[in-house]
Structure formats: structure tokens, C-alpha cells
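Take a look at the letters that make up each chain.
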Amino acid sequence: MAQANTVDPSTAAPTRRGQQRRQAVLDAALALFLEQGFANTSLDKIIERAGGSRRTIYQTFGGKEGLLEAVVTESCGEILSQISATELDSMAPEAALTHIGERFLAVLMRPERSALFRLVVAESTHAPGLGRLFMEAGPARAQELVCDYLGNAVAAGKLVIEDLTVAASQFLEMVKGDLHFRALFYGELADPAYQQRHVRSAVNIFLSGTLS
């Protein structure tokens, strides 16, 4: 007699409905963390806003700390999705770096992103693992993406760069400039036209020392 196939629920792919529920919980958690702070946000409040149950949250995220980690990872992923593009290698360096810089800065300057950054900094004082997670999922991945593009441009003879890692880091920091700090500490948001001029200036200065 043939043995019936069984599927371990913990390894089964999430259904569309399951994905929607997961996203609803993440959205509710992010909104509440930013509105009320991590310490003042309870699972009951998240469930009240998103639905679901404690059991589901613990099974999916491992509790409130796991929820915060998932929120941070997803937020970083969104930023990276905005600055990546499959056609980068076919662009001229100025166009490719402008594409990366404008999208990176635009997402970084959103008020909710600044609020999340402050939350991560605050919580990292007693949860250093969260800070490492943020660095690995966000800044380190962004630097890796830029580094990959620069490496391809060097290989194609478009740019001359000795240290790709340092160059990628320097480029992203030039793009951020003081605009990110002003958004974090003062709530100042430069208008889109100024952000574009800022990025283009950063690209021009960067390329002045790297063009072949």
C-alpha cells in the first residue's frame, strides 16, 4: 500500500492569503512602532489593527522582537529594490550612478524611513543584534550593489578604480551628504529639485576621479 505524502506545515510555501496576512501584520507593526515606540507597542495592539492571533505571530515571527527585525529587513529590501536596475551595466556611468543616487536618496529621505532609522538606533542600545541586522540588510547591501556596478564598469574599461569597496562607500556617503542628518534631526526635507542637483553634483565629483 502506497504511503500518503505529507507536507510539513512549517516548510510549506505560504499561500497568497497567508502572504497578505503576514504583510498586514508587518504594516501594522511598523505603523505602531513608529507611532508609539517599540516598548509601548504590544502584540495585542498589533493584532487589534491587523487581525490574526498571538500564536500566528509567534509561529511566523517569534514574537515582538522578531517582528521588529522583519520590519527592518523588509524596509531595507524596499530601499535596495529602488536603487537596483538590470540595465545599469548598459548605461553610461553618469546615467547609472545618477539612477542609483536619486532613488537611494529619495527613499532615504522619506519621513517614515527617518523614523525607522531613529527607532533602530534607539533599540540597538540594548539589542545590538538589531543594529547588525540593519547594517547587513541595508547599508552593507547597498554598498555591495554599488560595488558590483563599479566592478563591472571597471571591467568594461569605463572607470578606473583601485578599491571598489571604498569607492562604493564614498559614493553613497556623498549622495547622502548632510541631507540625511537634517531629515533625521531637524525633520528638514529638501525639495526634489534640490535633491536632484545634490545627486548630480555628487556624481560629477565622483566621476572626476574615476573616469578612464
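Relevant structure appears above.
Read on for an overview of the structure. (Residues numbered from 1 in each chain as written. Predicted model: local features only at pLDDT ≥ 70, side-chain atom pairs only at ≥ 80, totals over all residues. Heavy atoms only, no water.)

With that out of the way, let us pick up the overall build of the protein chain. Tallying secondary structure elements over the protein chain gives 11 helices and zero strands in all. Seen in sequence order, the protein chain has helices and strands lined up from the N terminus as α-α-α-α-α-α-α-α-α-α-α. Overall size of the protein chain, expressed as C-alpha extent along the three principal axes, is 65 × 55 × 30 Å. Buried positions account for 38% of the 212 residues belonging to the protein chain. The contacts of the protein chain with a sequence gap of at least 6 include a subset with a gap of at least 24, amounting to 68%. Carbon together with sulfur atoms contributes 53% to the accessible area of the protein chain, which is approximately 12200 Å² in total. Side chains of the protein chain carry 20 positive and 24 negative charges; the gap between the two charge centres is 7 Å. (Helix = DSSP H or I, 4+ residues; strand = E, 2+ residues; numbered from the N terminus. Buried < 20%, exposed > 50% of the residue type's maximum accessible area, 1.4 Å probe, protein only. Contact = heavy atoms within 4.5 Å. Areas by Shrake-Rupley, 256 points an atom, 1.4 Å probe, with all protein chains shown as cover. Lys, Arg positive; Asp, Glu negative; His and termini not counted. Charge placed at Lys NZ, Arg CZ, Asp CG, Glu CD.)

Soluble globular proteins tend to pack their nonpolar side chains together in the buried interior. The biggest cluster of nonpolar side chains holds 35 residues, and the ones touching the most others in it are Leu 97, Phe 104, Leu 150, Phe 171 and Phe 206. Contributing elements (two or more residues each) for this core: α4 (64–83), α5 (93–108), α8 (139–155), α9 (164–176), α10 (179–185) and α11 (192–208). Sequence-distant contacts of Leu 150, that is, excluding residues within four places in its chain, are made with Leu 97, Leu 159, Ile 161, Leu 164, Ala 167, Ala 168 and Phe 206. In this structure, Leu 26, Leu 43, Ile 47 and Leu 116 belong to the second largest nonpolar core, which totals 24 residues. (Core = buried A, V, L, I, M, F, W, Y, C linked by side-chain atoms within 4.5 Å.)

Now for the packing of helix α7 (residues 128–137) against α8. One can describe the packing of α7 onto α8 by two numbers: an axis separation of 3 Å at closest approach and a directional angle of 20°. The pairing of α7 with α8 is recorded here as roughly parallel in orientation. Where α7 abuts α8, its residues Phe 134, Met 135, Glu 136 and Ala 137 lie against Pro 139, Ala 140 and Arg 141. Its residues assigned to classes, the contact of α7 with α8 comprises five nonpolar, no polar and two charged. (Axes fitted to C-alpha atoms, helices over the stretch in contact; angles between N-to-C directions. Parallel < 35°, antiparallel > 145°, perpendicular 65-115°, else oblique. Nonpolar A, V, L, I, M, F, W, Y, C, P; charged D, E, K, R; others polar.)

To continue, consider the side chain of Gln 195. Residue placement: Gln 195 occurs in helix α11. A relative accessible area of 13% places Gln 195 in the buried class. At 2.9 Å, the side chain of Gln 195 forms a polar contact with the backbone oxygen of Ala 190. Ignoring any residue separated from it by four or fewer positions in sequence, one finds Gln 195 in contact with Leu 105, Ala 106, Met 109 and Ala 190. (Polar contact = N/O pair within 3.5 Å; in protein donor to acceptor, adjacent residues only side chain to side chain.)

This part takes up the packing of aromatic side chains. For the structure shown, the criterion picks out four aromatic pairs. Between the aromatic rings of Phe 33 and Phe 38, the centroid separation amounts to 5.3 Å while the plane-to-plane angle is 50°, which identifies the pairing as tilted. Assigned by exposure class, Phe 33 and Phe 38 land together as buried. (Phe/Tyr/Trp six-rings, centres within 6.5 Å; stacked < 30°, edge-to-face > 60°.)

So, on to α11. For α11, with 17 residues, the first-to-last C-alpha span of 24 Å sits near the 24 Å given by 1.5 Å per residue. Along α11, the positions that sit buried rather than exposed are Gln 195, His 198, Val 199, Ala 202, Val 203, Phe 206 and Leu 207. Around the axis of α11, the buried residues are gathered within 160° of arc, so they sit on the same side. For α11, exposure combined with an orientation more than 90 degrees from the buried face picks out Arg 197, Ile 205 and Ser 208. (Expected span 1.5 Å × (residues − 1). Arc of directions from axis to C-beta.)

Below, the discussion takes up the packing of helix α1 (residues 16–36) against helix α2 (residues 43–50). Following both chains from N to C, one finds α1 and α2 inclined at 125°, their axes separated by 9 Å at the closest point. As the angle between them shows, α1 and α2 are arranged oblique. Crossing hand, α1 versus α2: right-handed. Contacts between α1 and α2 involve Ala 24, Val 25, Ala 28, Ala 29, Ala 31, Leu 32, Phe 33, Glu 35 and Gln 36 from the first element and Lys 45, Ile 46, Arg 49 and Ala 50 from the second. (Left-handed = near helix turned anticlockwise from the far one by under 90°.)

Time to look at the environment of Ala 95. By secondary structure assignment, the location of Ala 95 is in helix α5. Judged by relative accessible area, Ala 95 falls into the partly exposed class, the value being 39%. It is 9.6 Å that separates the C-alpha atoms of Ala 95 and Arg 200, two residues lying 105 residues apart in sequence.

Those residues of α7 not exposed but buried are Leu 130, Gly 131, Phe 134 and Ala 137. The arc that holds every buried residue of α7, seen down its axis, measures 145°, which confines them to one face. Turned more than 90 degrees off the buried face of α7, the exposed positions are Arg 132 and Glu 136. Of the surrounding elements, those touching the buried residues of α7 are α4, α6 (111–124) and α8.

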